[in-house]
Amino acid sequence: MRMSMDPSHLSANLADIRRRIAQACREAGRDPAEVALLPVSKTFGPEAIRAAVALGLHRFGENRVQEIRDKAGPLADCGIAWVVIGHLQTNKAKDVARLASEVQSLDRPELAEALQHRLEIEGRELDVLVQVKTSPEESKHGLPPAALEGFLERLRDFPRLRVRGLMTMAVQSDDPAAVRACFRRLRELRDAMRARGHALPRLSMGMSGDFPLAIAEGATEVRIGTALFGRR
Ligand SMILES: *Cc1c(COP(=O)(O)O)cnc(C)c1O
């Protein structure tokens, strides 16, 4: 893990990201208050995260549960809300139920079932976003779009999972039109599900390299790692 991080860089990076979010909102005719920033702290250590907390950030995205386990102790005094954004194995449900405030990578019924079970034991609830595969790349995780409606119906059986919206990762491509098409797909799916009675107010989409396109397509939350903390 990266142990140190120059706080002045962090502060300048944060200001720059906020400026770019505001600009993308302006261009899309949206209110910047509609778009949240989720800082992604994966591979960065407690010291860097503490510096970010000092700048007013308090939710952090991590893609490995083991990293949340390692960091939650040393940062216990910071009141951090840990957000799981990476592919989640069912056998990690116990740690997630204990430590996380939210999972954005819910993508299959077995995982929902395991989380529900562990949340009952912990006496907790969890906000969840359903991760949808909007890109043809084999490497990307997520539920196939055609399975989304059935999955949302299944989730009614798991009341400790508070379904808040959808998440996706766009195709990795130099072609902005191809990237944007992934984000548009997620928004259109959200609209289709809403018409069928599933309120999904949140759309988590966009990372350091593509977040203005995601905002143009309706992102309510962008997940930013590199542009904030630096290269991993
Ligand atoms: C790492 C990661 C991000 C952040 O990526 P950057 O390009 O560093 O901003 C966002 N979402 C997910 C799911 C990630 O794993």
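Residues numbered from 1 in each chain as written. Predicted model: local features only at pLDDT ≥ 70, side-chain atom pairs only at ≥ 80, totals over all residues. Heavy atoms only, no water.

Comments concerning the UniProt feature "domain: Alanine racemase N-terminal" (unreviewed entry) in the chain
Counted only if it meets this: UniProt positions are given in the numbering used here, feature names are shortened, and annotations may be inferred rather than shown by experiment. Counting from the N terminus, the helices are the DSSP runs of H or I reaching at least four residues and the strands are the DSSP runs of E reaching at least two.
Mapped onto the present numbering, the UniProt feature "domain: Alanine racemase N-terminal" (unreviewed entry) falls on residues 13–230. Secondary structure over residues 13–230 splits into 42% helix and 18% strand, and the C-alpha atoms at its two ends are 9 Å apart.

What about the UniProt feature "modified residue: N6-(pyridoxal phosphate)lysine" (unreviewed entry) in the chain?
Applicable threshold: Think of it in three bands: with a 1.4 Å probe and only protein chains considered, a residue is buried below 20% of the maximum accessible area for its type, exposed above 50%, and partly exposed in between. Here a residue-residue contact requires only that any non-hydrogen atoms of the pair lie within 4.5 Å.
Cross-referencing UniProt, the feature "modified residue: N6-(pyridoxal phosphate)lysine" (unreviewed entry) maps to Lys-42 in the present numbering. With respect to the helices and strands, the residue Lys-42 is situated in the loop between strand E1 (36–39) and helix H2 (46–54). Given the relative accessible area of 18%, Lys-42 is considered buried. When near neighbours in sequence (up to four residues on either side) are disregarded, Lys-42 contacts Gly-61, Glu-62, Asn-63, Glu-67, Lys-71 and Arg-232.

Some remarks on the pattern of salt bridges
So the rule is basically this: Salt bridges are identified by distance alone: a Lys or Arg side-chain nitrogen within 4 Å of an Asp or Glu carboxyl oxygen.
Tallied over the full model, the rule gives 24 salt bridges. A salt bridge links Asp-127 to Arg-164, with the nearest nitrogen and oxygen atoms 3.4 Å apart. You can see Asp-127 sitting in strand E5 (residues 126–131) and its partner Arg-164 sitting in strand E6 (residues 161–167), a full 37 residues away along the chain. Look at Asp-127 and you get buried, because its relative accessible area is 16%. Within this structure, Arg-59, Glu-102, Arg-202 and Glu-221 form a network of salt bridges that share partners.

A look at the site of the ligand
The condition is simple: Here a residue is considered near a molecule or strand provided that any single heavy atom belonging to it is located within 4 Å of it. We define a polar contact as two N or O atoms separated by no more than 3.5 Å, with the added condition that, inside protein, one atom must be a possible hydrogen donor and the other a possible acceptor, whereas residues neighbouring each other in sequence contribute only through side-chain atom pairs. The Shrake-Rupley method, run with a 1.4 Å probe, gives the accessible areas here. Residue values count only the displayed protein chains as cover.
Surveying the vicinity of the ligand reveals the residues Val-40, Lys-42, Asn-63, Ile-85, Met-169, Met-207, Ser-208, Arg-223, Ile-224, Gly-225, Thr-226 and Arg-232. For the ligand, an oxygen atom lies 2.8 Å from a polar atom in the backbone of Gly-225. Between the ligand and Thr-226 there is a distance of 2.5 Å, counted from an oxygen atom to a side-chain nitrogen or oxygen. For the ligand, whose accessible area on its own is 390 Å², the fraction buried by protein is 92%.

Some words on H2
Among the residues making up H2, those that are buried are Pro-46, Ala-48, Ile-49, Ala-51 and Ala-52. Along its buried surface, H2 packs onto helix H1 (7–28), strand E2 (59–62), helix H3 (65–72), strand E3 (81–84) and helix H9 (226–229). Trailing H2 by a residue or two, Gly-56 shows a phi angle of about 100°, which is positive.

As for helix H7 (residues 176–195)
One turn of an α-helix holds 3.6 residues; hence residues three or four places apart share an orientation. Heads up, the rule is: Every helix has an expected span of 1.5 Å times one less than the residues it contains. Arc definition: directions from the helix axis to the C-beta atoms.
Taking 1.5 Å of rise per residue, the 20 residues of H7 would be expected to cover 28 Å, and the 29 Å separating its terminal C-alpha atoms lies within 8% of that figure. Every buried residue belonging to H7 is among Val-179, Cys-182, Phe-183, Leu-186, Leu-189, Arg-190 and Met-193, and all of these are buried. Summarising the axial view, the buried residues of H7 lie within an arc of 110°, below the 170-degree limit, and thus occupy one face. Of the residues in H7, the exposed ones pointing more than 90 degrees away from the buried face are Ala-177 and Ala-195. In this structure, the buried side of H7 is in contact with helix H6 (148–155), E6, strand E7 (202–204) and helix H8 (211–216). Backbone nitrogen of Ala-177 and a side-chain oxygen of the N-cap are separated by 3.0 Å at the start of H7; the cap is Asp-175. The first or second residue beyond H7 is Gly-197, which carries a positive phi of 95°.

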